[in-house]
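Given next are the chains, with one letter for each unit.
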Amino acid sequence: MTQADIQTIRLTNGKTANVHTQLFINNEFVPGNGPLIETINPANEEVICKVHSADEQDVNLAVESAYKCYYETWRKVAPAERGRLLNRLADLMERDKDEIAILDAVDNGKAFAVARDVDVTESIGCYRYFAGWADKIHGKTIDTTFDKLCYTRHEALGVVGAVIPWNYPTMMAAWKFAPALATGNTIVMKSSEVTPLSTLKFGELVKEAGFPAGVVNIITGYGHTTGSYLSSHPKISKMAFTGSTFTGRKIMESSASSNLKKLQLELGGKSAQIVCADADLANAAFWACGGIFNNHGQSCNAGSRIFVHESVHDKFLELFIAETKKIVIGDPFNEDTFQGPQINKSQFDKILNYVKIGKEEGAVLAYGGKRWGNKGYYVEPTIFTHCNNSHRIMREEIFGPFVSIGTFKTIEEAIDLANDSDYGLAGGVYTSDLDTSIKVTNEMQAGTVWVNCYDIFDQSTPFGGYKQSGFGKELGKYALHEYTQVKVVKIQRLSKI
Ligand code: NAD
């Protein structure tokens, strides 16, 4: 690590933080040959610093480092030792929790308190969870004939390539690093060019934890260059991707035209929340509000469509608006702030353009719909009513604090409306009737369905999409299958029985 690599930034609360700006390859911070990329604080629209980016040669270097390490070192390391290293990493993250949360808050605009208590805390839990799995990944012995021994081995894939988005920089990294390393792979991760800082800090902790050089490599750069070099690299065995459905398609094309590498795609969403006539409406309003407005609406699983039974629509709306009014918007470094700015100017413009589209389509703006303040990319929580499935605001992923509300008459109609989407990431239903909850959860075409709550995560429960929200599961025991391949061994006994 060189001093030139570390820059000191001044935070809005007057404090300072140090950031790495180079690539992390083979346990060293090294300069990249790609263009320098400005990373911007969305709360004040000012440049935080410039980070290095990886060109094709740098991507090769990172992949070669991971490849060599996998074959020469890492695959021979005992599973229990992999678990110990992951736990050590989690300890270091615990020690530096505030610093990591600061980097996500300044780079992404999310509230510091949320970054610390949700993003970083849950990421630490994720590393610990998969550390526990490292020495519990077993094959089976299979009885075939009396003179043979047959068993399966769950082997690592080799070098995993990972590409992550900007909405949860620390957490999206954890969801990929932790299972990939626990199962014995090495990894090259490209962070989002919009939020590279916390992932680079992570490189420092990897080295301190004692991981062999080459196990973890972190690069950043633009998607169409750096991301594309990585996803078409012949020595990458699998791409673990989180991002938009549009980019997911590009990654599939790269895999198809290179080495048919395995894929895991966690893509976009337009998830539905169904509020039944028999729901506890105060509870529904509380969870539905967090369901859409958590993380400023920048969550893949955001419950951005709400279908309410027509008989309780007005009452629900009143409660929902009352919940929305409680949202504290402001400087991410104020301890009370819940909602910071949107990630960047293009998202800010896109969301406000959808307000225009919603009005033009004939939906009714019930709350918000404007810029908040006059500096930073802040948007008011925005609620449209009288929406139907022909409206673009009901069909397209907006990825902001923007919810579209429609009504239904029967539960069958509500399920049809919810399923009438290209996406299938998540959904929710609010009801006090067990039969209704079973019917909706069975019939909703989504990878996660919450009942009487929303947006609850745990590292032990799998997460992933149906339909164009992608395939493969992150978290939980299911994630282990995504990072291993099964080999069957058949041994013939030579001596006579
Ligand atoms: P994005 O697809 O624009 O970018 C995601 C990442 O892909 C970035 O690192 C980007 O540099 C890279 N990339 C872009 N083009 C590429 C290419 N041709 N080849 C390789 N990599 C490329 O998405 P975003 O705007 O950063 O994130 C928002 C999207 O992510 C939303 O659609 C959201 O729903 C989705 N998301 C999904 C999940 C999930 O678990 N399903 C979680 C978080 C976010």
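Residues numbered from 1 in each chain as written. Predicted model: local features only at pLDDT ≥ 70, side-chain atom pairs only at ≥ 80, totals over all residues. Heavy atoms only, no water.

Counted only if it meets this: UniProt positions are given in the numbering used here, feature names are shortened, and annotations may be inferred rather than shown by experiment.
Under the annotation held in an unreviewed UniProt entry, the protein chain carries the name Aldehyde dehydrogenase domain-containing protein and is attributed to Thamnidium elegans. Entered under Sequence similarities (unreviewed entry) in the UniProt record, the comment concerning the protein chain runs "Belongs to the aldehyde dehydrogenase family."

**What to know about the overall build of the protein chain**
We count it as follows: By definition, any uninterrupted DSSP run of H or I lasting at least four residues is a helix, any uninterrupted run of E lasting at least two residues is a strand, and each is numbered from the N terminus. Radius of gyration here is computed from C-alpha atoms only, and the compact-globule reference equals 2.2 Å multiplied by the residue count raised to the power 0.38. A simple rule labels every residue: compare its accessible area, found with a 1.4 Å probe on the protein chains alone, to the largest value its type can have, and call it buried under 20%, exposed over 50%, or partly exposed in between. Working rule for contacts: check all heavy atoms of both residues, and any pair within 4.5 Å makes them a contact. For the accessible areas, the method is Shrake-Rupley and the probe is 1.4 Å, while residue cover comes only from the protein chains on display. Lys and Arg are tallied as positive, Asp and Glu as negative. Neither His nor the chain termini are counted. Here the site of a charge means NZ on Lys, CZ on Arg, CG on Asp, or CD on Glu.
In terms of helices and strands, the protein chain carries 15 helices and 23 strands. Compactness check: the protein chain gives a C-alpha radius of gyration of 24 Å against a globular reference of 23 Å for 497 residues, within 12% of the reference. Referenced to the eigenvectors of the C-alpha coordinate spread, the extents of the protein chain come out at roughly 80 × 65 × 40 Å. Residue burial in the protein chain is summarised as follows: out of 497 residues, 58% are buried. A separation threshold of at least 6 residues defines the contact pool for the protein chain, and within that pool the share at least 24 residues apart is 73%. Accessible surface for the protein chain amounts to roughly 19,900 Å². Of this, 52% is attributable to carbon and sulfur atoms. Looking at charge distribution, the protein chain has the averaged site of its 51 positive side-chain charges lying 6 Å from that of its 57 negative ones.

**Let's talk about the layout of surface pockets**
Rules: Method remark: on a 1 Å grid restricted to protein atoms, a set of points is classed as a cavity if a 1.4 Å probe fits but cannot get out and as a pocket if it is open with protein on both sides within 12 Å along at least five of seven lines; lining residues have an atom within 4 Å of a point. Grid points are joined across faces, edges and corners, and a volume is the space filled by probe spheres set on the points. Gly falls in the polar group here, along with every residue not listed as nonpolar (Ala, Val, Leu, Ile, Met, Phe, Trp, Tyr, Cys, Pro) or charged (Asp, Glu, Lys, Arg).
In this structure, the largest pocket spans a volume of roughly 950 Å³. Trp 166, Phe 241, Gly 243, Ser 244 and Thr 247 are, among the 40 residues lining the largest pocket, the residues nearest its centre. Of all the secondary-structure elements, those providing two or more residues to the lining of the largest pocket are helix H7 (223–231), strand S11 (238–242), helix H8 (245–257) and helix H11 (345–361). If one sorts the elements of the lining of the largest pocket by residue count, H8 sits on top with seven residues. For the lining of the largest pocket, the per-class residue count stands at 15 nonpolar, 17 polar and eight charged. For the second largest pocket, the calculated volume is near 640 Å³. Gly 290, Asn 294, Asn 295, Phe 338 and Asp 455 are the residues nearest the centre of the second largest pocket, which is lined by 29 residues in total. In terms of residues, the lining of the second largest pocket owes the most to one element, helix H9 (residues 281–293), which gives five residues. Each residue belonging to the lining of the second largest pocket can be placed in one class, and the counts come to 18 nonpolar, five polar and six charged.

**Re the environment of His 233**
Rules: N or O atoms within 3.5 Å of each other form a polar contact, as long as, within protein, one can give a hydrogen and the other can take it, and as long as residues adjacent in sequence are counted only when both atoms are side-chain atoms.
Of note, His 233 is situated in the loop between H7 and S11. Along the sequence, His 233 and Val 59 sit 174 residues apart, while their C-alpha atoms lie 8.6 Å from each other. Sequence-distant contacts of His 233, that is, excluding residues within four places in its chain, are made with Val 59, Asn 60, Val 63, Asn 259 and Lys 261. Looking at His 233, its side chain comes within polar contact range of the side chain of Asn 60, at 2.8 Å.

**What to know about the packing of aromatic side chains**
For the record, the criterion: Pairing of aromatic side chains requires ring centres within 6.5 Å, counting the rings of Phe and Tyr and the six-membered ring of Trp. Pairs whose planes differ by under 30 degrees are stacked, by over 60 edge-to-face, and all others tilted. Sitting over a ring, as applied to charges here, requires NZ of Lys or CZ of Arg to be within 6 Å of the ring centre and within 35 degrees of the ring normal.
Scanning all chains against the criterion turns up 21 aromatic pairs. Relative to Phe 202, the ring of Tyr 127 has its centre 5.5 Å away and its plane inclined at 25°; by these criteria the two rings are stacked. With Tyr 127 in helix H4 (residues 112–133) and Phe 202 in helix H6 (residues 197–209), this residue pair connects regions lying 75 residues apart in the sequence. Accessibility classification places Tyr 127 together with Phe 202 in one group, the buried group. Through a chain of ring-to-ring contacts, the aromatic side chains of Trp 175, Trp 450, Tyr 454, Phe 457 and Phe 463 assemble into a single cluster. The positively charged end of Lys 235 is found above the aromatic ring belonging to Tyr 67, 4.5 Å away from the centroid. Positioned above the aromatic ring of Tyr 483 is the side chain of Lys 238, whose terminal nitrogen or guanidinium carbon lies 3.9 Å from the ring centre.

**Structural notes on the pairing of strand S10 (residues 216–219)**
Here is the rule: Any two strands are treated as partners once DSSP identifies two or more bridges connecting them. When the strands point away from the viewer and the path from the first strand over the helix to the second turns clockwise, the crossover is right-handed.
Where burial is concerned, the two faces of S10 agree: the one with Val 216 and Ile 218 and the one with Asn 217 and Ile 219 are both buried. Pairing analysis gives four bridges linking strand S9 (residues 186–190) to S10, with the strands arranged parallel. Within S10, the position partnered with Val 188 by the bridge is Asn 217. Following the chain from S9 across H6 to the adjacent parallel S10, one finds a crossover that is right-handed.

**Considering the UniProt feature "domain: Aldehyde dehydrogenase" (unreviewed entry) in the protein chain**
In the numbering used here, UniProt assigns the feature "domain: Aldehyde dehydrogenase" (unreviewed entry) to residues 30–489. The straight-line gap between the two end C-alpha atoms of residues 30–489 is 42 Å; of that span, 41% is helix and 20% is strand.

**Looking at the nonpolar core**
Soluble globular proteins tend to pack their nonpolar side chains together in the buried interior. The cut-off we apply is this: Side-chain atoms within 4.5 Å link the members of a nonpolar core, which is a set of buried Ala, Val, Leu, Ile, Met, Phe, Trp, Tyr and Cys residues.
Judged by nonpolar contacts, the single largest core of 70 residues is most densely connected at Tyr 127, Phe 130, Phe 177, Ile 187 and Phe 211. Here the element with the most residues in this core is helix H5 (residues 169–182); it accounts for ten residues. Residue contacts for Ile 187: discarding those within four places in its chain leaves Ala 66, Val 160, Ala 162, Lys 176, Phe 177, Ala 180, Leu 181, Val 215, Val 216 and Asn 217. Leu 281, Cys 289, Ile 306 and Ile 383 belong to the second-largest nonpolar core, a separate cluster that totals 29 residues.

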